[in-house]
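# Summary of the model geometry
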Amino acid sequence: MIDLHIHILPGIDDGAQSPEDALEMARIAADSGVRAMAATSHGDFSHCDPEEYLNLYDRRLMEFRRLLEEHKIPVNVYSGMELMVNRSFLRLAEQRPLPGIGGGRYLLVEFLFDTSGSLALERLKRLQRLGYQLILAHPERYEFAKRDPERLKEFYREGILLQVNRGSILGQLGRGAARTADWLLSMGLAGLVASDAHDPVLRTSDLEETARILDLYYGGKRVGNSAREKSCQNPEVRRKYKQHLASILVILREI
Ligand SMILES: [Fe+2]
């Protein structure tokens, strides 16, 4: 498995708070079957100097890769960032290249949870016009999506990959997020599932149980087939969606 959303770099955001915690998160991930991950620390450039922060990120990533090697933990760690899309971020996007997954054109993006669906979509379209492919982090956690999950179909149709969180599937992030995650997965609209792990104890990097749930309930064995029929997906959109996933693996050289 590949985990494209995890706050594993120590001392940079609200994720791992020490190298020991980060190593433990990597061990847990590896034991659960994860062989590669993108270290997606938060990137909110509205209250820091972007260049300074990006340099700090690069240093932390190199240090962490060395640490993993030293401790012989078999996980490849790629660069990436969970980018907070707001006005200052859009300004930055027009001035400099943005830190995509593995250094490529795929950006993991998020909003404040109470952002309206129309503002979110409008901002993502602006980023697409700059040539980026987008992965929306945990769509099931946004207020507009919990109220009306159907709104997420517009994002899907625009080719934005929707990434569901492990914690939402397991019911750890509230009833609304759990219900919306279930809807996305049943409809076949979720392109990715990731841990969004922040620590080795509560929001962990263990994807084993999550993978089992996906196989059991959404893999076509039980509800998958009928749900997919109901979702009225345009095969062309579905094909593009799959191509995006394949492109990410190529960027990461993980095929
Ligand atoms: Fe996150």
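Below: a short report on this structure.

Thresholds, definitions, all that
- Sequence positions are assigned chain by chain, starting from 1 and proceeding in written order.
- Thresholds applied to this predicted model are a pLDDT of at least 70 for local features of residues and 80 or more for the giving and counting of side-chain atom pairs; totals over whole chains, interfaces and linings are not thresholded and use all residues.
- We treat two strands as partners when DSSP finds at least two bridges between them.
- Secondary structure counts use DSSP, requiring at least four H or I residues in a row for a helix and at least two E residues in a row for a strand, with both numbered from the N terminus.
- In this description, a line fitted to the C-alpha atoms serves as the axis of each element, helices being fitted only across the stretch in contact, and the angle between N-to-C directions of two axes falls anywhere from 0 to 180 degrees.
- The contact rule is simple: place each C-beta atom from the backbone, and if two of them lie within 7 Å, those residues are in contact.
- Any set of buried Ala, Val, Leu, Ile, Met, Phe, Trp, Tyr and Cys residues joined through C-beta atoms within 7 Å is what this text calls a nonpolar core.
- Any residue with 12 or fewer other C-beta atoms within 10 Å of its own C-beta is exposed, any with 20 or more is buried, and the rest are partly exposed; the C-beta atoms used are placed from the backbone.

### Overview of the sheet that holds strand 8 (residues 161-165)
- Sheet architecture is open: 6 strands sit in the order 3-5-6-7-8-9, paired in parallel fashion. Where the open sheet ends on each side, the last strands, each with one partner, are strand 3 (41-43) and strand 9 (192-194). Strand-to-strand twist of the sheet, defined as the mean angle between neighbouring strand axes without regard to direction, takes the value 35°.
- Pairing analysis gives 3 bridges linking strand 7 (residues 133-137) to strand 8, with the strands arranged parallel.

### A look at the sheet that holds strand 4 (residues 76-78)
- Read from one edge to the other, the open sheet built from 3 strands follows the order 1-2-4, with strand pairing classed as parallel. Because the sheet does not close on itself, it has two edges, and the strands there are strand 1 (2-6) and strand 4. Each adjacent strand pair in this sheet contributes to an overall mean axis angle of 25°, direction not counted.
- Relative to strand 2 (residues 36-39), strand 1 is paired through 3 bridges, and the arrangement is parallel. In the strand pairing of strand 2, Ile2 is matched with Ala36.
- The strands touched by helix 2 (residues 50-70) are strand 2 and strand 4; relative to strand 4, the strand with the most contacts, the crossing angle is about 175°.

### Topic: the nonpolar core
- By size, the foremost hydrophobic cluster in this structure holds 66 residues, and its most contacted members are Ile8, Leu107, Val109, Leu134, Ile135 and Leu162.
- It is helix 1 (residues 19-31) that provides the largest number of residues to this core, a total of 5 residues.
- With near-sequence residues (within four places) excluded, Leu134 lies in contact with Leu107, Val109, Leu124, Leu127, Gln128, Ile160 and Leu161.

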